[in-house]
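# Chain and residue survey
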Amino acid sequence: MTVKTALDQGTRLLEDAHVAVPRLTAEVLLCHALRRERVYLYSHPEAELSEHIWIHYGRYLHERMRGKPTQYITGVQEFYGREFVVTPDVLIPRPETEHVIDAAIERVTRGSRVVDVGCGSGAIAATIALECDASVWASDISLAALHIASHNARRLGASVHYVAADLLDPFPAGSMDVVVSNPPYVGLGDRESLQREVRDFEPEVALYAGPTGNEIYQRLIREAERVLRPGGWLIFELGYRSLDAVRAMLDQRWSEVSTGPDLAGIPRVLCGRLSTEMSTSAPFANRAL
Ligand code: GLN
């Protein structure tokens, strides 16, 4: 069995199982079995696969055909130009979430104290720690997630303080300049509409907020009002369809509220600033980021 034949056969199997991007997936899985970069597949199409490699590749193909996301098979996902380790204990970082980073970079100033709430793999926290000159904390209710997040920060040389917590519970009032989050925002009622890769393999604690999907936003906003210093920023990812509900949760204490779209044009990031004093102006200015 050569590299080329293995790729052709793997692609056909994935295609028949209706897996998206079958050729690329076969390439990524074969590289993972070979422990080599993709360029090897093109420079060595006639290389013979050992039985050992063939067995691993076959297992990866089988797992992918059953719906397991490629990233949980390879154990990694790229985010903001860096590689993060992922396991089924953490959500796979999404490209949409890179917009949260862009919004944070615009608002985090030198020496800022930043907390990433519900850090999962730690992609947001580690990226901010590496991109900005800030002190970064990260919380998660899942100890398994904190373990992965701290592993990622160590691998990447990012300095982040980890706290096991339900949202911002242990953080003192007025202690943070920026609160950033990609919280769970899927409603339990939308469970069946999720892709099987998400529904059957990603951690429920990272996906579902409650019956409507807006339950964590409500708590996050209330807790951010306590933990942010006056003038501090709250930045978080919006679910597709959460904007109206979230807008209704932001009272006159919030100013400079804006949203930014993802690449599909959906409002994906919300930023708001905790007022330094009570303001009577409309909180939602609807500016683009
Ligand atoms: N964006 C994820 C999805 O594709 C959900 C992540 C979240 O709830 N924060 O379903």
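Residues numbered from 1 in each chain as written. Predicted model: local features only at pLDDT ≥ 70, side-chain atom pairs only at ≥ 80, totals over all residues. Heavy atoms only, no water.

### As for the site of the ligand
The local shell around the ligand consists of L91, R94, N182, P183, P184, Y185, A206 and L207. Contact between the ligand and R94: an oxygen atom at 3.2 Å from a side-chain N or O atom of the residue. One nitrogen or oxygen atom from the main chain of P183 is found 2.7 Å from a nitrogen atom belonging to the ligand. Here the ligand loses 87% of its free accessible area of 300 Å² to cover by the protein chains. (Near = heavy atom within 4 Å. Polar contact = N/O pair within 3.5 Å; in protein donor to acceptor, adjacent residues only side chain to side chain. Areas by Shrake-Rupley, 256 points an atom, 1.4 Å probe, with all protein chains shown as cover.)

### Describing the pattern of salt bridges
Overall, the coordinates contain 28 salt bridges when judged by the stated rule. For R191, the salt bridge is made with E204, and the minimal N-O distance between the two is 3.0 Å. Of the two residues, R191 is situated in the loop between β7 (186–187) and α9 (196–199) and E204 in helix α10 (residues 204–207); the sequence distance between them amounts to 13 residues. By relative accessible area, which is 43% here, E204 ends up partly exposed. Salt-bridge contacts for R219 lead to E223; the nearest nitrogen and oxygen are separated by 3.8 Å. Residue R219 and its partner E223 are both found in helix α11 (residues 215–227); the two are separated by four residues, about one turn of the helix. Using a relative accessible area of 33% as the deciding quantity, one classes R219 as partly exposed. Judged by its relative accessible area of 16%, E223 falls in the buried class. (Salt bridge = Lys/Arg side-chain N within 4 Å of Asp/Glu carboxyl O. Helix = DSSP H or I, 4+ residues; strand = E, 2+ residues; numbered from the N terminus. Buried < 20%, exposed > 50% of the residue type's maximum accessible area, 1.4 Å probe, protein only.)

### Overview of the pairing of strand β10 (residues 254–261)
In terms of residue burial, β10 counts as a mostly covered element, since six of its eight residues are buried. Sheet topology note: the β10/strand β11 (residues 267–274) ladder contains six bridges and is antiparallel. Counterpart to T259 in the pairing with β11 is L270. Turn length for the β10-β11 hairpin, with the two strands adjacent in sequence and antiparallel, is five residues, and the turn residue G265 shows positive phi of about 85°. (Pairing = 2+ DSSP bridges.)

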